[in-house]
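Single-letter residue listing:
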2 protein chains.
Amino acid sequence: MSRRANDARLLMIPVDRAAAEPLHRQVCESLRQSILEGKLSPGARLPSSRALASDLGVSRNTVLLAFEQLLAEGYLSARVGSGTQVARNLPVELLGNRDPASPATFNGAGRQLSKRSERFTQVPFVTRRLWGAVRPFQAGLPALDHFPARTWATLASKRLRRRTSDSLSYHDPRGWPDLRSAIAEHLAVARGVDCEPDQVLVTAGTQQALDLCSRVLLDPGDVAWIEEPGYTGARAALTASGARVLPIPVDTEGLQVGHAEVAAESPRLIYVTPTHQFPTGVTMSLARRLELLRLAERSQSWILEDDYDSEFRFEGSPVTALQGLDRNGRVLYMGSFSKTLAPSLRLGFLVLPPDLLDAVLAARVVMDHQSPTFEQAVLADFLREGHFARHVRRMRKLYRQRRDVLVGELDKHLAGLVEVEATDTGVHLVARLPRGINDRALARAAVEQGLEVEALSSYHMHAPERGGLVLGYGAFTDEQLVSAAERLAAIFDQPGVLSRERAVPA
Amino acid sequence: MSRRANDARLLMIPVDRAAAEPLHRQVCESLRQSILEGKLSPGARLPSSRALASDLGVSRNTVLLAFEQLLAEGYLSARVGSGTQVARNLPVELLGNRDPASPATFNGAGRQLSKRSERFTQVPFVTRRLWGAVRPFQAGLPALDHFPARTWATLASKRLRRRTSDSLSYHDPRGWPDLRSAIAEHLAVARGVDCEPDQVLVTAGTQQALDLCSRVLLDPGDVAWIEEPGYTGARAALTASGARVLPIPVDTEGLQVGHAEVAAESPRLIYVTPTHQFPTGVTMSLARRLELLRLAERSQSWILEDDYDSEFRFEGSPVTALQGLDRNGRVLYMGSFSKTLAPSLRLGFLVLPPDLLDAVLAARVVMDHQSPTFEQAVLADFLREGHFARHVRRMRKLYRQRRDVLVGELDKHLAGLVEVEATDTGVHLVARLPRGINDRALARAAVEQGLEVEALSSYHMHAPERGGLVLGYGAFTDEQLVSAAERLAAIFDQPGVLSRERAVPA
């Protein structure tokens, strides 16, 4: 009896009545640790629950609950007659002196990641700074202050009341059927895209579409073309797939299909933004589009057409999509609701040549099975009931006005210092700087002043002839734009900011 | 004049007043096609808008709109004096006789996918049959008929009214902060997981967590262990990463860490379900857990602990997580709200050793940046306000009852034919079949009868000694279970179903 009691006393089980943790958990945890640290060895007998309870001055039930849990977890065993003891089958050599190092202090040795994982960090493309905060002149954001919150809430409430078991279960990885057909209709009418609902795959925004296509179409070492300058998110996804990414310069007609580099290596994949080149804003000419399609067919390349903000063309209708000109199923067309509604929805789409559907779908299922169902259904209603078309029309007017404000302010404060480009579409523009000015130094200075300004050269792989500033206006009120433009102008006057050192590529 | 007029007449522009498509679009489309097909060659003059309008019997404005669009797209050019003509800079050789093959008829030649893409199809793991439909005995589904729809709708409406610009923008890829801390708290209390909110990464369910970890931790050729039998979704993700997946047999204590195959090849990664092995339902013993942790440290392997449905243990508290025993930061812990709430939310989580955070986060950003924000925020409120804990308690009772019903029915109809296992936790059980019975033949027959029954052997990589049926009960009412069990029993009586041919592995 005494020995058993001693075992228990040796434990010195601390019991804190003030603590939030229930007493039985405290006893359980303390016993568990004593066993793991070898203070109680396999086979050691525990006092009866009654004895231990009185030792600790807790109710017997408290001890019983602790014992039950430890029995369930295999720390203790109980046999009729011999009472409760520490399980005999515990590997003694694994108990005691276990390294209590806190995870923070692991040494790097033997903590190996995949070589592949390095590729994810090669292209810096998201800065923590931007999470959540919305500050001028962050590019690529829609007018979140005009998000159709009321309409959305009404449609959402309807859906919330109609939630069925089937809609809560796993669903078609291709996306919510109503949404896919609504997207197909919208694209046929508004973008001249030639597709059936069955070719539409709902994705978690353009970024997932890029990753998905890169994984299904590219092996390490394959050549992929991107525009120079070009969208960093695309470069990051292509790089992650192990492809060799070649930057092809863009001129006033868009990607220079006939460019020298082209002859050198024929690409497996070509990423383009023909309607509104990002970030320069150039529209790819019809001649170039036809040349690009011919080249893709000859070199058996795939074309990723990213049509990210084409809805917002201020004069006339948007130029129709490259996909609509394609007769050979070489174009994978992608779009997003991040620029038309909100990035937080994480909803975009891929329009695929029919013979790619199965392969892309198989990859999607392994990656995350499907996009969440609920907001897909709400968005489907939003499109079907015509709210989307109305919202886009309203936003087009709004962005045009916000553009006029920004262009006016830049002209007022920075005439002669910057040359404004890419102003006929979208939610951002490029303010081109004089040759030799380091746009990164300027951008850094602006960020220090609480402005979100991207250097044009940060979208280049090779140093550009002329740098520039990429300025988003879509997400900001006239007042915000006016004051932000003033603050930006002030930065130009800071000593050293207009330094002549050459811009360095990303 | 006549020649120009002829040009226009040659076009034979069809105008259909009945069509939904506006007239100017019809004219625009028809002209575009004529140019692309070479019927109208570069430089060819168009009649004046007035003349063409009267030719076609439409308003002049209709023609002007069509011209404007085609000018914007570069099909036409207009010079003062010389009127409108087909753009001269179009590459003649690319116009005319363009292959009008419909995408459906592409021949496979030169339509090359990545070698990597084949890996996505190697492990069949989602059957279209299951999309949306919820039928007995589909495994791994919670009681969708008891989804807390009203509470969820109330919380959602609050959030819908509070939607801010910041919450609509891009957000922290690690997940909604309130949700991450709520998850960390829940795991500490309910699962004995040792973590800070900063170690929590919100994922699109367990599947994305598996894909994410596989990409960051495994290179092609690396060895990864899974349980035999084991979860197919994990096998699919590991296979997609190019790893060599080795099945390690499971016995009554869980993964056989000391198994012969272990000596052969030391793994870079080990996937386990210690709390409730899928599908057998075994709980890994404490001894095995300690051995597994030691082996991981010695062989410098990562352990993926998938804790998919541990909340639903019917006797006592759930066994605490392997992660809580780990002193060396070798365990990546993953869980999901698919089993506690609904798969359609696509919300799960990863708890990472601190030194893996940056690498995993970098990959997540390239893959899809982040999970949608809205339902993350609602779920955070659901956890914070205690609804989750209450729901889990309610469901535990419910599942226990539904289990009792199914076990009773199986006993009533199939006593002696099946041996029921894995009944103390979760939302499914295994009905073991006599040696040599082909469980796949049985499952096929059941599916033909409108039941969702999985063969145990379909979770094996090598043919098992004994097959079985994996039967989900969590998602089905007593009535559904009773009638489904009867139908299942009837299938056993069908001639040939209990054939003695050996089960074939997946």
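Since we're looking at a predicted model, the values are computed, not measured.

Criteria and cut-off values
Counting of residues starts from 1 at the beginning of each chain's written sequence and follows it residue by residue. To read the labels, note that chains go from A and ligands from 1, taken in the order they are written. Where totals are concerned, whole chains, interfaces and linings use all residues; where local detail is concerned, this predicted model gives features only for residues with pLDDT of at least 70, and gives and counts side-chain atom pairs only at 80 or more. Note that the side-chain values use all heavy atoms of the structure and ignore hydrogens as well as water. In this description a helix means any DSSP run of H or I spanning at least four residues, a strand means any run of E spanning at least two, and both kinds are numbered starting from the N terminus. For this analysis, a polar contact is any N or O atom pair within 3.5 Å, provided that within protein one partner can donate a hydrogen and the other can accept it, and provided that sequence-adjacent residues contribute only side-chain to side-chain pairs. Any pair of residues with heavy atoms lying within 4.5 Å of one another is described as a contacting pair. When two parts are put together, the accessible area they lose, computed with a 1.4 Å probe and summed over both, is reported as buried area. Salt bridge criterion: a side-chain nitrogen from Lys or Arg within 4 Å of a carboxyl oxygen from Asp or Glu. Residue polarity follows a fixed list, in which Ala, Val, Leu, Ile, Met, Phe, Trp, Tyr, Cys and Pro are nonpolar, Asp, Glu, Lys and Arg are charged, and the others, Gly among them, are polar. Type-normalised accessible area, obtained with a 1.4 Å probe on protein chains alone, sets the label of each residue: buried when under 20%, exposed when over 50%, and partly exposed for intermediate values. Angles run from 0 to 180 degrees between N-to-C directions of axes, and those axes are lines fitted to C-alpha atoms, restricted for helices to the stretch in contact. For classification purposes, angles smaller than 35 degrees are called roughly parallel, those larger than 145 roughly antiparallel, those between 65 and 115 roughly perpendicular, and all remaining angles oblique. By the counting scheme adopted, Arg and Lys are positive, Glu and Asp are negative, and His together with the chain ends is not counted. Each domain's limits were defined by an automated method or a database of domain assignments. Any two strands with at least two DSSP bridges between them are considered paired. Nonpolar cores are built from buried Ala, Val, Leu, Ile, Met, Phe, Trp, Tyr and Cys residues. Side-chain atoms within 4.5 Å join them into one set. For Phe, Tyr and Trp, rings pair up if their centres lie within 6.5 Å, where Trp contributes its six-membered ring, and each pair is then called stacked (planes under 30 degrees apart), edge-to-face (over 60) or tilted (otherwise). Note on geometry: a ring has a charge over it if NZ (lysine) or CZ (arginine) is within 6 Å of the ring centre and within 35 degrees of the ring normal. Our superposition of the copies is a least-squares fit, built on the C-alpha atoms of residues whose pLDDT is at least 70 in both. The quantity called pLDDT is the predictor's confidence in a given residue, expressed from 0 to 100. To estimate how far a helix should reach, multiply one less than its number of residues by 1.5 Å. Along the arc lie the directions from the helix axis toward the C-beta atoms.

**As for the side chain of Thr 320 of chain A**
Link 1 in the chain: Here Thr 320 of chain A lies in the loop between strand S8 (302-306) and strand S9 (331-336).
Link 2 in the chain: For Thr 320 of chain A, the side chain forms a polar contact with the side chain of Glu 73 of chain B, separated by 3.1 Å.

**Observations regarding the interface of chain B and chain A**
Link 1 in the chain: Chain B puts 123 residues into the contact, and the matching count from chain A is 124 residues.
Link 2 in the chain: In total, chain B and chain A occlude about 10400 Å² of area from one another, counting both sides; carbon and sulfur atoms represent 56% of this.
Link 3 in the chain: Applying the counting criterion to the chain B and chain A interface returns eight salt bridges.
Link 4 in the chain: Notably, a salt bridge pairs Asp 219 of chain B with Lys 115 of chain A, separated by 3.7 Å at the nearest N-O pair.
Link 5 in the chain: Across the chain B-chain A interface, the total number found is 46 residue pairs in polar contact (both at pLDDT 80 or more).
Link 6 in the chain: Looking at the side of chain B that touches chain A, the element that brings in the most residues is helix H13 (residues 357-367) of chain B, giving eight residues.
Link 7 in the chain: Across the side of chain B that touches chain A, the residue classes tally to 62 nonpolar, 30 polar and 31 charged.

**Overview of the pattern of salt bridges**
Link 1 in the chain: The final tally for this structure, using the stated rule, is 50 salt bridges over all chains.
Link 2 in the chain: A salt bridge links Asp 404 of chain A to Arg 403 of chain A, with the nearest nitrogen and oxygen atoms 3.0 Å apart.
Link 3 in the chain: Relative accessible area serves as the criterion here: at 42%, Asp 404 of chain A is assigned to the partly exposed category.
Link 4 in the chain: For Arg 403 of chain A, a relative accessible area of 9% corresponds to the buried category.
Link 5 in the chain: With a shortest N-O distance of 2.8 Å, Arg 402 of chain B and Asp 145 of chain B are connected by a salt bridge.

**Side note on the packing of helix H6 (residues 149-161) of chain A against helix H6 (residues 149-161) of chain B**
Link 1 in the chain: Where H6 of chain A contacts H6 of chain B, the two axes come as close as 10 Å, and the packing angle between them is 175°. When the interaxial angle is binned, H6 of chain A and H6 of chain B end up roughly antiparallel. For the pair H6 of chain A and H6 of chain B, the contacting residues are Trp 152, Ala 153, Ala 156 and Leu 160 of chain A in the first and Trp 152, Ala 153, Ala 156 and Leu 160 of chain B in the second.
Link 2 in the chain: Here the residues of the contact of H6 of chain A with H6 of chain B are counted per class, giving eight nonpolar, no polar and no charged.

**Some details on the side chain of Arg 346 of chain A**
Link 1 in the chain: Counting through the fold element by element, Arg 346 of chain A comes out in the loop between S9 and strand S10 (348-351).
Link 2 in the chain: The charged side chain of Arg 346 of chain A is buried without a salt bridge, its nearest counter-charge being Asp 368 of chain B at 6.3 Å.
Link 3 in the chain: In this view, Arg 346 of chain A contacts Thr 203, Ala 204, Gly 205, Gln 207 and Ser 338 of chain A together with Tyr 170, Asp 368, His 369, Gln 370, Ser 371 and Pro 372 of chain B; residues no more than four positions away in its chain are not counted.

**Things to note about the domain arrangement of chain A**
Residues and elements named next belong to chain A.
Link 1 in the chain: By the assigned domains, chain A splits into domain 1 (8-94), domain 2 (148-385) and domain 3 (390-491).
Link 2 in the chain: For domain 2 versus domain 3, the separation of C-alpha centres amounts to 26 Å.
Link 3 in the chain: Contact between domain 2 and domain 3 buries roughly 2400 Å² in total, counting both sides, with carbon and sulfur atoms accounting for 60%.
Link 4 in the chain: Taken together, the connections running from domain 2 to domain 3 amount to one salt bridge.
Link 5 in the chain: Put simply, Arg 313 and Asp 424 hold a salt bridge, and the shortest N to O gap is 3.8 Å.
Link 6 in the chain: Linking domain 2 with domain 3 are twelve residue pairs in polar contact (both at pLDDT 80 or more), by the criterion used here.
Link 7 in the chain: Secondary-structure elements contributing two or more residues to the side of domain 2 that touches domain 3 are strand S4 (223-228), helix H10 (232-240) and strand S5 (244-251).
Link 8 in the chain: A per-class count over the side of domain 2 that touches domain 3 returns twelve nonpolar, seven polar and eight charged.

**A few points about the sheet that holds S4 of chain A**
All names here are of chain A.
Link 1 in the chain: Pairing is mixed in the open sheet, where eight strands are placed in the order S3-S10-S9-S8-S7-S4-S5-S6. With one partner strand each, in any of the chains shown, strand S3 (200-203) and strand S6 (254-255) form the two edges of the open sheet.
Link 2 in the chain: Those strands touched by helix H8 (residues 177-191) are S3, S9 and S10, and its axis lies near 110° from that of S3.
Link 3 in the chain: The sheet contacts of helix H9 (residues 205-217) involve S3, strand S7 (269-272), S8, S9 and S10, and relative to S9 the element is tilted by about 155°.

**A few points about the sheet that holds strand S14 (residues 468-472) of chain B**
Residues and elements named next belong to chain B.
Link 1 in the chain: Taken in spatial order, the four strands of this open sheet run S11-S12-S14-S13, and their pairing is antiparallel. Edge strands, defined here as strands with exactly one partner in the open sheet, are strand S11 (419-421) and strand S13 (454-455).
Link 2 in the chain: Across two bridges, S13 lies against S14 in antiparallel orientation. Looking at the pairing, Glu 454 lines up with Val 470 of S14.

**Observations regarding the nonpolar core**
Link 1 in the chain: Counting residues in hydrophobic clusters, the biggest one holds 149 residues, and the most contacted among them are Leu 471 and Leu 488 of chain A together with Leu 471 and Leu 488 of chain B.
Link 2 in the chain: If we skip the residues at most four places from it in the chain, Leu 488 of chain B touches Phe 137, Leu 410, Leu 414, Ala 446, Leu 451, Val 453, Leu 469 and Leu 471 of chain B.
Link 3 in the chain: In terms of nonpolar packing, the next biggest core, distinct from the first, is built from 74 residues, Ala 209 and Leu 217 of chain A together with Leu 212 and Leu 238 of chain B among them.

**Looking at the packing of aromatic side chains**
Link 1 in the chain: Applying the stated criterion across every chain yields a total of 18 aromatic pairs over all chains.
Link 2 in the chain: Arranged with centres 5.8 Å apart and planes meeting at 90°, the rings of Tyr 231 of chain A and Phe 278 of chain A form a pair that is edge-to-face. Placement of Tyr 231 of chain A in the loop between S4 and H10 and of Phe 278 of chain A in the loop between S7 and helix H12 (286-298) is noted, with a sequence separation of 47 residues between them.
Link 3 in the chain: Residue class for Tyr 231 of chain A comes out partly exposed when judged on its relative accessible area of 25%.
Link 4 in the chain: Note on Phe 278 of chain A: relative accessible area 9%, which makes it buried.
Link 5 in the chain: Centre to centre, the rings of Tyr 333 of chain B and Phe 349 of chain B are 6.5 Å apart; their planes meet at 20°, and the pair counts as stacked. With Tyr 333 of chain B in strand S9 (residues 331-336) and Phe 349 of chain B in strand S10 (residues 348-351), this residue pair connects regions lying 16 residues apart in the sequence. Assigned by exposure class, Tyr 333 of chain B and Phe 349 of chain B land together as buried.
Link 6 in the chain: Three or more aromatic residues link up through ring pairs in this structure, and these residues are Tyr 231, Phe 278, Tyr 308 and Tyr 459 of chain A.
Link 7 in the chain: The ring centre of Trp 302 of chain A lies 5.0 Å from the NZ or CZ of Arg 330 of chain A, which sits over that ring.

**Regarding the pairing of strand S2 (residues 83-86) of chain B**
Regular strands show a simple pattern: their side chains alternate between the two faces of the sheet.
Link 1 in the chain: Examined bridge by bridge, strand S1 (residues 76-79) of chain B and S2 of chain B share four bridges and lie antiparallel to one another. Considered in S2 of chain B, the bridge of Arg 79 of chain B is made with Gly 83 of chain B.

**Describing the relation of the copies chain B and chain A**
Copies of the same chain, two in number, are related to each other by a rotation about an axis and a translation along it.
Link 1 in the chain: At an RMSD of 0.1 Å, chain B and chain A line up after a rotation of 180° and a shift of 0.0 Å along the axis. Both copies are brought into coincidence by an operation consistent with a two-fold rotation axis. Among all C-alpha atoms of chain B, that of Ser 157 of chain B lies closest to the rotation axis, at 3.5 Å.
Link 2 in the chain: Comparing interface residues between copies, 100% of those in chain B also sit at the interface in chain A, which points to an isologous, same-surface contact.

**With respect to the confidence of the model for chain A**
Residues and elements named next belong to chain A.
Link 1 in the chain: Here chain A shows a mean pLDDT of 88. Residues at 70 or above account for 92%.
Link 2 in the chain: Residue range residues 1-9 is modelled with pLDDT below 50. Its contacts to residues more than four positions away, or to other chains, number twelve contacts.
Link 3 in the chain: With pLDDT under 50 throughout, residues 501-506 is counted as low confidence; its partners more than four residues away or in other chains account for 25 contacts.

**Remarks on the environment of Val 447 of chain B**
Residue and element names in this part refer to chain B.
Link 1 in the chain: Counting through the fold element by element, Val 447 comes out in helix H16 (residues 439-448).
Link 2 in the chain: Looking at Val 447, the relative accessible area reads 25%, which means it is partly exposed.
Link 3 in the chain: Along the backbone, Val 447 and Pro 22 are 425 residues apart, and their C-alpha atoms lie at a distance of 50 Å.

**Some words on helix H17 (residues 478-493) of chain A**
Residues and elements named next belong to chain A.
Link 1 in the chain: For H17, with 16 residues, the first-to-last C-alpha span of 23 Å sits near the 22 Å given by 1.5 Å per residue.
Link 2 in the chain: Taken as a whole, H17 has its buried residues at Leu 481, Ala 484, Ala 485, Leu 488, Ala 489, Ile 491 and Phe 492. Each buried residue of H17 lies within a common arc of 150° when the element is viewed along its axis, so the set occupies one face. Residues of H17 that are exposed and point more than 90 degrees away from the buried face comprise Glu 479 and Asp 493.
Link 3 in the chain: Structurally, H17 contributes buried residues whose contacts are with helix H15 (387-414), helix H16 (439-448) and strand S14 (468-472).

**Notes on unusual backbone geometry**
Link 1 in the chain: The omega angle of the peptide bond from Phe 278 of chain A to Pro 279 of chain A is 0°, so this bond is cis rather than trans.
Link 2 in the chain: Backbone torsion omega between Glu 228 of chain B and Pro 229 of chain B reads 0°, so that peptide bond is classified as cis.
Link 3 in the chain: Of note, Pro 229 of chain B is situated in the loop between strand S4 (223-228) and helix H10 (232-240).
Link 4 in the chain: The phi dihedral of Gln 300 of chain A is positive, around 50°, even though this residue is not glycine.
Link 5 in the chain: Note that Gln 300 of chain A resides in the loop between H12 and S8.
Link 6 in the chain: The partly exposed category is assigned to Gln 300 of chain A, whose relative accessible area is 36%.
Link 7 in the chain: Although it is not a glycine, His 369 of chain A sits at a positive phi angle of roughly 70°.
Link 8 in the chain: Turning to its location among the elements, His 369 of chain A is positioned in the loop between helix H13 (357-367) and helix H14 (374-384).
Link 9 in the chain: What makes His 369 of chain A buried here is its relative accessible area of 4%.

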